[in-house]
Amino acid sequence: LKQCEKGIERQIKEFYQKGLTAYQTGKYLPAMNYFKKLLRLQPTNQEANQYYQKCHAIILIQEAQRLTAQKKFIKAIRNYQLSLKLDKDNKIAKEKIAYTKELCQQEVEKALLKGKKALEVDRLHEAEKIFKTILNQYQANNPQALNYLKLIEKKRKGRELQEKINTYYSQGVAYYTNGEYRKAIAEWRKVLELNPQHEKAKKNIETVSYTHLTLPT
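Residues numbered from 1 in each chain as written. Predicted model: local features only at pLDDT ≥ 70, side-chain atom pairs only at ≥ 80, totals over all residues. Heavy atoms only, no water.

## A look at the packing of helix α2 (residues 28-41) against helix α3 (residues 46-69)
Quick reminder of the rule: Axes here mean lines fitted to C-alpha atoms, for a helix over just the part in contact, with angles spanning 0 to 180 degrees between N-to-C directions. Under the DSSP-based scheme used, a helix requires at least four consecutive residues in state H or I and a strand at least two consecutive residues in state E, with every element numbered from the N terminus. Any angle from 65 to 115 degrees is called roughly perpendicular, while one under 35 is roughly parallel, one over 145 is roughly antiparallel, and all others are oblique. For any helix crossing, the convention is left-handed if the near helix is rotated counterclockwise from the far helix by under a right angle, and right-handed if that rotation is clockwise. By definition in these notes, contact holds between two residues if any of their heavy atoms fall within 4.5 Å. Residue classes follow a fixed rule: Ala, Val, Leu, Ile, Met, Phe, Trp, Tyr, Cys and Pro count as nonpolar, while Asp, Glu, Lys and Arg count as charged, and any other residue, Gly among them, counts as polar.
Packing of α2 against α3 brings their axes to within 9 Å, and their N-to-C directions diverge by 150°. Our classification of the angle between α2 and α3 gives roughly antiparallel. Read as a crossing pair, α2 and α3 show a hand that is left-handed. Side by side, α2 and α3 meet where Y28, L29, A31, M32, F35, K36, L38 and L39 of the first sit next to A48, N49, Y51, Y52, C55, H56, I58, I59 and Q62 of the second. By residue class, the composition of the contact of α2 with α3 is 13 nonpolar, three polar and one charged.

## Some remarks on the packing of helix α8 (residues 181-194) against helix α9 (residues 199-212)
One can describe the packing of α8 onto α9 by two numbers: an axis separation of 9 Å at closest approach and a directional angle of 155°. Here α8 lies roughly antiparallel to α9, going by the angle between them. For α8 against α9, the interelement crossing comes out left-handed. Packed against α8, whose contacting residues are Y181, I185, W188, R189, V191 and L192, the element α9 presents A201, K202, N204, I205, V208, S209 and H212 at the interface.

## Re unusual backbone geometry
Which entries qualify depends on this criterion: Here the term buried applies to any residue with accessible area under 20% of the maximum for its type, exposed to any over 50%, and partly exposed to those in between, with areas from a 1.4 Å probe on protein chains only.
We note that K71 has phi near 65°; this positive angle belongs to a residue other than glycine. Overall, the relative accessible area of 35% leaves K71 in the partly exposed class. The phi dihedral of D122 falls on the positive side, at around 65°, and the residue is not glycine. Looking at where D122 falls in the secondary structure, it is placed in the loop between α5 (91-120) and α6 (124-138). Judged by its relative accessible area of 39%, D122 falls in the partly exposed class.

Here it is, written out as structure tokens:
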């Protein structure tokens, strides 16, 4: 039993020394792993726990910096906040949160302008992609991006409706050209179901009913 205890003590010292060396040479992931192994053997070791948390905080900051470079600001800010929970005195994390939020706002304004310009010329897919990027990577609840996406959906539905109307109307014309007057009127009535104010469809039904059929208009 004593030999076992001595073996554990040796392992604890070994993990601590290796972890400390790795920490001091900037190898934070290996350091964190050594302190993690130590804590499994001795969960109450406060010094090892502090080093473990410091390593974890630094790794989160490094990852946040990579995310910032990729303009994934939501995840970057979340990492900085997590690092502060682990190491509340970390000045780098505090400074980086403020910097990243400012940078994020600048990118949001650029993206909103770009998305708005795409929307103005009816490039709906491009605009939608930009506004979704804002919500997914920059600011999850940006009200302008949310409103623009609603507008895009409305425009898309309007476009789809107009395409249906055009299809029914053209099919009606094709039937009329072939002398299939009842089918032509049926297609133009479909047009009126979607758009009761469609003047051409109204006029065609009236004209064809009067000149070719004895159907009610």
